[in-house]
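The primary structure of each chain is shown beneath.
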Amino acid sequence: MQNNDVAERGLVLLGCGKMGSAMLAGWLAGGLPAASVWVLDPHPSDWVKAQGVHINTDLPANPAIILVAVKPQMMGDALPSLQALGNGETLFVSVAAGTSIATFENVLGAQTPIVRAMPNTPAAIGQGITALIGNARVTDAQLDLADQFLAAVGQTVRLENEGQMDAVTAVSGSGPAYVFHLIETLAAAGTARGLPADMAMQLAKATVAGAGALAAQAEQGPDQLRVNVTSPGGTTQAALNVLMNQNDGFPALLMRAVDAAADKSEELGRD
């Protein structure tokens, strides 16, 4: 199954908010014809309306992919409308947080090929990372296809089992918020030591963005990059003595934070 199969049979996007729009922009930029895309969304944005895609019209009889990008709390209303396309050749790909493959199988039918995926918000600028896992009905070609379409907004990784999705949620799904809070608190600390607030924020944003880009591109691991910045007995060493404290530094704090997010993800998945 290739891109031309999707172009011929069609792609349905259920929900076109920020995440759906980011993916749609990536697909159209990658050459998917607008005429091959059907968007179902009660409040499509002006941007979506301007793309030339089908909006809230009758769906094709046998679309190649239905990508489910509605918020989990809207899933109960949205999914039953697609029941007729379950148990067939159509691949369902969900980017809805906390919604298990079993939930989809209960609504759509146990023979439905389903891929569950967890992207994160940097997908909005093409810098996301998405973890994916398919059910037993998903063929290798369909998994490749899902991977290809999710790669339009960043990197992808494939999980060994669905149970790993809670950890993914806690690390990369919720992780951008941890980094945003780091920027907030780093800037606040700079302001507390006498910098103007706007300058402290500019310094904090650029530092975190630059360090992240360097970590992504460098051949060395983050441990070595940290050592490279750290002169023995210098300023960085003084700060790391605090941050790397096993009792109340980053190691203990982030472990607790990730555990809390993963535990909540497990809990939501049981509801």
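Right, let's walk through the structure included here. Remember, it's a predicted structure, so these values are computed and weren't measured experimentally. (Residues numbered from 1 in each chain as written. Predicted model: local features only at pLDDT ≥ 70, side-chain atom pairs only at ≥ 80, totals over all residues. Heavy atoms only, no water.)

1. Some words on unusual backbone geometry
Residues other than glycine seldom take positive phi values, yet Asn 56 does so here, at roughly 55°. Tracing the backbone through its elements, the reader meets Asn 56 in the loop between β3 (54-55) and β4 (65-68). Residue classification places Asn 56 among the partly exposed residues on the basis of a relative accessible area of 42%. Even without being glycine, Asn 87 reaches a positive phi, approximately 60°. (Helix = DSSP H or I, 4+ residues; strand = E, 2+ residues; numbered from the N terminus. Buried < 20%, exposed > 50% of the residue type's maximum accessible area, 1.4 Å probe, protein only.)

2. Comments concerning the pairing of strand β8 (residues 154-158)
Strand direction decides the pairing type here: strand β7 (residues 128-134) and β8, joined by five bridges, are parallel. When the sheet's bridge partners are listed, Leu 132 is paired in β8 with Arg 158. For the segment spanning β7, helix α6 (residues 140-150) and β8, crossover handedness is right-handed. (Pairing = 2+ DSSP bridges. Right-handed = clockwise from strand over helix to strand, strands pointing away.)

3. Description of the packing of aromatic side chains
The full count for this structure, using the stated rule, is one aromatic pair. Pairing Trp 27 with Phe 149 gives two aromatic rings, centres 5.6 Å apart and planes at 65°, and the pair type is edge-to-face. Here the residue Trp 27 occupies a position in helix α2 (residues 18-29), and Phe 149 occupies one in helix α6, the gap between them amounting to 122 residues. Note on Phe 149: relative accessible area 5%, which makes it buried. (Phe/Tyr/Trp six-rings, centres within 6.5 Å; stacked < 30°, edge-to-face > 60°.)

4. Focus: the side chain of Asp 41
If you trace the backbone, Asp 41 turns up in the loop between β2 (37-40) and α3 (46-49). No salt bridge is formed by the buried Asp 41. Its closest oppositely charged neighbour is Lys 49, at 9.4 Å. From its side chain, Asp 41 meets the backbone nitrogen of Cys 16 in a polar contact 2.7 Å long. Among all residues touching Asp 41, those that are not within four sequence positions of it are Gly 15, Cys 16, Gly 17 and Asn 56. (Lys, Arg positive; Asp, Glu negative; His and termini not counted. Salt bridge = Lys/Arg side-chain N within 4 Å of Asp/Glu carboxyl O. Polar contact = N/O pair within 3.5 Å; in protein donor to acceptor, adjacent residues only side chain to side chain. Contact = heavy atoms within 4.5 Å.)

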